[in-house]
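An overview of the molecular structure
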Amino acid sequence: MLKNCIFCKIVKNELLSQKVYEDESVFAFKDINPQAPVHVIIIPKKHITSLSVISVENEKVLGHIQVTVSRIAKQFSELKNGFRLINNCGVEGGQTVLHLHYHLLGGRSFRWPPG
Ligand code: 5GP
Ligand code: ZN
């Protein structure tokens, strides 16, 4: 846990969030500034800064997140025809919160390429 990290605070319930899913290693909550009808943030409970600093010891939780995405998606009827999963990594990737997270977005159509 990192003291001044907002997502670590959300995991510890020091900052309120609308929880969507929780287990021993993963936490998911609604984004405060949704970009689609469904916008869920999925994070490892353990603080990892970004995808650019992961190693083999993170394999288990990152694999578990993939399974969790599928499970969370089934909770939302809006996602029955598909969804988008995004990781913004680093400055050029558009990452603003330095605790690794995935955006699960859906309930509307998305364009490609992204902006
Ligand atoms: P990033 O830009 O780092 O990929 O995504 C960070 C996301 O976290 C943004 O979509 C932003 O709206 C969301 N966010 C930032 N602070 C909070 C917060 O305190 N609560 C919740 N629920 N979401 C947050
Ligand atoms: Zn953190």
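The paragraphs below set out a description of the structure included in this document. This structure is a prediction, so every number in the text was calculated from the model and none was measured.

**So, the overall build of the protein**
Check the secondary structure of the protein and you find three helices and five strands. When the helices and strands of the protein are placed in sequence order, the string is α-β-β-β-α-β-α-β. For 115 residues, the compact-globule estimate of 2.2 N^0.38 gives 13 Å, and the C-alpha radius of gyration of the protein, at 14 Å, lies within 12% of that figure. Structurally, the protein occupies a C-alpha span of about 35 × 30 × 25 Å along its principal axes.

**Here's the deal with unusual backbone geometry**
Following W112, the chain continues to P113 via a peptide bond in cis, the omega torsion being 5°. Even without being a glycine, N13 presents a positive backbone phi close to 65°. Note that N13 resides in the loop between α1 (6-11) and β1 (19-22).

**So, helix α2 (residues 59-73)**
Taking 1.5 Å per residue, 15 residues should reach 21 Å; α2 reaches 22 Å between its end C-alpha atoms and fits that length. If you check which residues of α2 are buried, you get V61, L62, I65, T68, V69, I72 and A73. Tucked into the core, α2 has its buried residues touching β1, β2 (26-30), β3 (38-44), β4 (84-86) and β5 (102-106).

**Structural notes on the site of ligand 1**
In the vicinity of ligand 1, 15 residues are found, and the nearest of them are D31, N88, T96, H101 and H103. I32 places a main-chain nitrogen or oxygen 3.3 Å from a nitrogen atom of ligand 1. Out of a free accessible area of 520 Å², ligand 1 has 83% covered by protein chains. When residues of the shell around ligand 1 are traced back to their parent elements, those giving at least two are α1 and β2. Per-element accounting of the shell around ligand 1 gives the leading share, three residues, to α1. Residues that form the shell around ligand 1 fall into these classes: six nonpolar, seven polar and two charged.

**Overview of the side chain of H103**
As for its placement among the helices and strands, H103 is situated in strand β5. A relative accessible area of 12% places H103 in the buried class.

**Quick look at the environment of M1**
Of note, M1 is situated in the segment before α1. According to the relative accessible area criterion, M1 is exposed, its value standing at 54%. Linking M1 and I48, residues 47 residues apart in sequence, is a C-alpha distance of 9.0 Å. With residues near it in sequence (within four places) discarded, M1 still touches C8, V11, K12, K45 and H47.

Thresholds applied
Residues numbered from 1 in each chain as written. Chains lettered and ligands numbered in written order. Predicted model: local features only at pLDDT ≥ 70, side-chain atom pairs only at ≥ 80, totals over all residues. Heavy atoms only, no water. Helix = DSSP H or I, 4+ residues; strand = E, 2+ residues; numbered from the N terminus. Rg over C-alpha atoms; globule rule 2.2 N^0.38 Å. Expected span 1.5 Å × (residues − 1). Buried < 20%, exposed > 50% of the residue type's maximum accessible area, 1.4 Å probe, protein only. Contact = heavy atoms within 4.5 Å. Near = heavy atom within 4 Å. Polar contact = N/O pair within 3.5 Å; in protein donor to acceptor, adjacent residues only side chain to side chain. Areas by Shrake-Rupley, 256 points an atom, 1.4 Å probe, with all protein chains shown as cover. Nonpolar A, V, L, I, M, F, W, Y, C, P; charged D, E, K, R; others polar.

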